[in-house]
Protein chains: 2
Amino acid sequence: MHFTSETTADGVTEHCFTLDGVPGVLWLPATAQAGSPAAAPADAAPTRRPLVLLGHGGGSHKLAPGLVARAGRCATRYGFAVAALDAPGHGERPRTAQDERFATEIGELLATGRPISARVARHTAALAEQAVPEWQAVIDALRKLDGVGPDGPVGYWGLSLGSVIGVPLAGADPRITVAVFGLAGDDSLTEAARRVTVPVEFLLQWDDELVPRRAALALFDAFASAEKTLHANPGGHLDVPDFEVTDSELFLARHLR
Amino acid sequence: MHFTSETTADGVTEHCFTLDGVPGVLWLPATAQAGSPAAAPADAAPTRRPLVLLGHGGGSHKLAPGLVARAGRCATRYGFAVAALDAPGHGERPRTAQDERFATEIGELLATGRPISARVARHTAALAEQAVPEWQAVIDALRKLDGVGPDGPVGYWGLSLGSVIGVPLAGADPRITVAVFGLAGDDSLTEAARRVTVPVEFLLQWDDELVPRRAALALFDAFASAEKTLHANPGGHLDVPDFEVTDSELFLARHLR
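Residues numbered from 1 in each chain as written. Chains lettered and ligands numbered in written order. Predicted model: local features only at pLDDT ≥ 70, side-chain atom pairs only at ≥ 80, totals over all residues. Heavy atoms only, no water.

Q: Sorry, what's going on with helix H6 (residues 213–222) of chain A here?
A: Each turn of an α-helix holds 3.6 residues, which means side chains three or four residues apart point in the same direction. What H6(A) keeps buried is the set A:Ala216, A:Leu217, A:Leu219, A:Phe220 and A:Ala222. The elements touched by buried residues of H6(A) are helix H5 (187–193), strand E8 (200–205) and strand E9 (228–233) of chain A together with helix H6 (213–222) and strand E9 (228–233) of chain B. (Buried < 20%, exposed > 50% of the residue type's maximum accessible area, 1.4 Å probe, protein only. Helix = DSSP H or I, 4+ residues; strand = E, 2+ residues; numbered from the N terminus. Contact = heavy atoms within 4.5 Å.)

Q: Explanation requested: unusual backbone geometry in the structure shown.
A: Glycine aside, residues mostly have negative phi angles, and peptide bonds mostly take the trans form. Residues and elements named next belong to chain A. One non-glycine residue with positive phi stands out, namely Asp10, at about 50°. Along the chain, Asp10 turns up in the loop between strand E1 (2–9) and strand E2 (12–19). Of note in this structure, Asp20 is not a glycine but carries a positive phi near 50°. Among the secondary structure elements, Asp20 is positioned in the loop between E2 and strand E3 (22–29).

Q: Explain the packing of helix H1 (residues 65–78) of chain B against helix H7 (residues 242–256) of chain B here, please?
A: Helix packing for two helices is described by the angle between their axes and how far apart those axes are. Residue and element names in this part refer to chain B. Axis separation between H1 and H7 bottoms out at 11 Å; the angle between their running directions is 45°. Relative to H7, the element H1 lies oblique. You can see that H1 and H7 cross each other, and the crossing is right-handed. Within the contact between the two elements, H1 uses Arg70, Arg73, Arg77 and Tyr78 and H7 uses Val245, Glu249, Leu250 and Ala253. The residue inventory of the contact of H1 with H7, partitioned by class, reads four nonpolar, no polar and four charged. (Axes fitted to C-alpha atoms, helices over the stretch in contact; angles between N-to-C directions. Parallel < 35°, antiparallel > 145°, perpendicular 65-115°, else oblique. Left-handed = near helix turned anticlockwise from the far one by under 90°. Nonpolar A, V, L, I, M, F, W, Y, C, P; charged D, E, K, R; others polar.)

Q: I keep staring at the nonpolar core and nothing clicks. Help me out?
A: Soluble, globular proteins show a tendency: their nonpolar side chains are buried together. Core analysis: the biggest nonpolar cluster contains 108 residues, and A:Leu53, A:Phe202, A:Phe223, B:Leu53, B:Phe202 and B:Phe223 have the highest contact counts within it. The contacts of A:Phe223, once residues within four sequence positions are left out, are A:Val167, A:Phe181, A:Ala193, A:Val196, A:Val200, A:Phe202 and A:Lys228. (Core = buried A, V, L, I, M, F, W, Y, C linked by side-chain atoms within 4.5 Å.)

Q: So what exactly am I meant to see when it comes to the packing of aromatic side chains here?
A: Taken as a whole, this structure holds 16 aromatic pairs over all chains when the rule is applied. Judged by centre distance (6.0 Å) and plane angle (55°), the ring pair of B:Phe202 and B:Phe223 falls under tilted. Placement of the pair is B:Phe202 in strand E8 (residues 200–205) and B:Phe223 in the loop between H6 and E9, with a sequence separation of 21 residues. Judged by its relative accessible area of 3%, B:Phe223 is buried. Within the aromatic cluster, the residues linked to one another by ring pairs are A:Trp135, A:Tyr156, A:Phe181, A:Phe202, A:Phe220, A:Phe223 and B:Trp206. Just above the ring of A:Trp157 sits the side chain of A:Arg70; from NZ or CZ to the centre is 3.7 Å. (Phe/Tyr/Trp six-rings, centres within 6.5 Å; stacked < 30°, edge-to-face > 60°. Lys NZ or Arg CZ within 6 Å of the ring centre and 35° of its normal.)

Q: Just to check I follow, could you spell out the relation of the copies chain A and chain B for this structure?
A: Between the two copies of the chain lies a relationship made up of a rotation around an axis and a movement along it. The two copies are related by a screw operation: chain A maps onto chain B through 180° of rotation and 0.0 Å of translation along the axis, at an RMSD of 0.0 Å. Seen this way, the second copy is the image of the first under a two-fold rotation axis. Residue A:His231, judged by its C-alpha, is the member of chain A lying nearest the rotation axis, at 2.3 Å. A high fraction, 100%, of the interface residues of chain A reappear at the interface in chain B, so the copies pair face to face through one surface. (Least-squares fit on C-alpha atoms with pLDDT ≥ 70 in both.)

What follows is the structure, encoded as structure tokens:
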């Protein structure tokens, strides 16, 4: 893990990093130090700071305003460590020929008024296959930092593409103990959802133009979690109400503290 | 409106009453006085206290422990007036021949493992037809009391039978400005739901053995409210999680204050 910059503002320190070519960012309360294992006195008790992973939506990136604001609230209100990565083909990462082909095809489908959900599902499933081991390597590396610690609970927050990546991640990695998902639903996610057993809050937009309502309800149904809660509100894919976002952060905080 | 008893405990005064033969109860913060129009000095500014109506579930009554606890929280935490009525055929009210026939038939259906939802929907729709004007007369009478005042906002909270009565009430009475519904869904409620335009929180139990999931989702869909929010959780009809009940009270409070 290679740190490339450090900025402190409004009580939060933002550490940009790369790990094996994947650009990411770690936010910590300004009072904490990211540090390294070598920097800690041998007899100091290890930190056990909850870590929240933020997955961005399709076409967005690790430093999108919504993510930065959410990271700030999680760090300052709850004292959590927060991390985000650029998903494959997003943010600072190169676009592959496949990404370019996808963008062209989606443009054509939209221009001719044809449905895009199936094409989006196929492309994002391929991104998720690459992104899940990237997140796992980042969790490994972050837990070696003094400011995070080796064995705190890990929460995941990600809607849309953030769920397409987060659902298989949470199904595969037992370090994740709570998750907020939503704005997603496709048969390709069902098997992974059946492996998710941690508490889940799932946000659904009743008039989502990108995700069929029936598919989103089926994904919620598939989670094996004993505690799962579905919150549905009117409006399209981008209209999640502010109060739901705040509520979902409280949901994470309730389970991570 | 004839008051029959008054008890104060834990900061709440409970006034039992009857109105045209319907037994009800009014809870007020102990610092407030139910009073009468005559008791107020002519030049005193009228109270404008939010009023919460609590509708009980089928087979329950106006003083069931869950209702009393909810009333206490609404009165002491938020300073609201709270009222509950015995629904027709419930609590202190006489059971009609129709009620007895319904109870017998439901028993027979259950004993032979046949579905009861259609029979329940038919019976409760008849109860609602009687209960809606009863609630409206009670709102009239309560707003004449000094402790409530003539023009405060009115919220409705009722699940199951409480929704079968509450949905047509909220669709018919513009004094109701916010509602919590849930654990209900039947074609007979759709038309009334389309007349509901106030903010609604709707609680759905994912494994409800009495209300088909599809019917509950269709009822949520039918509300004309620009602001409506569906909260679904695993478990049966009686398994609504405590955190959802608390959250629904906050939803009412946010819209009534």
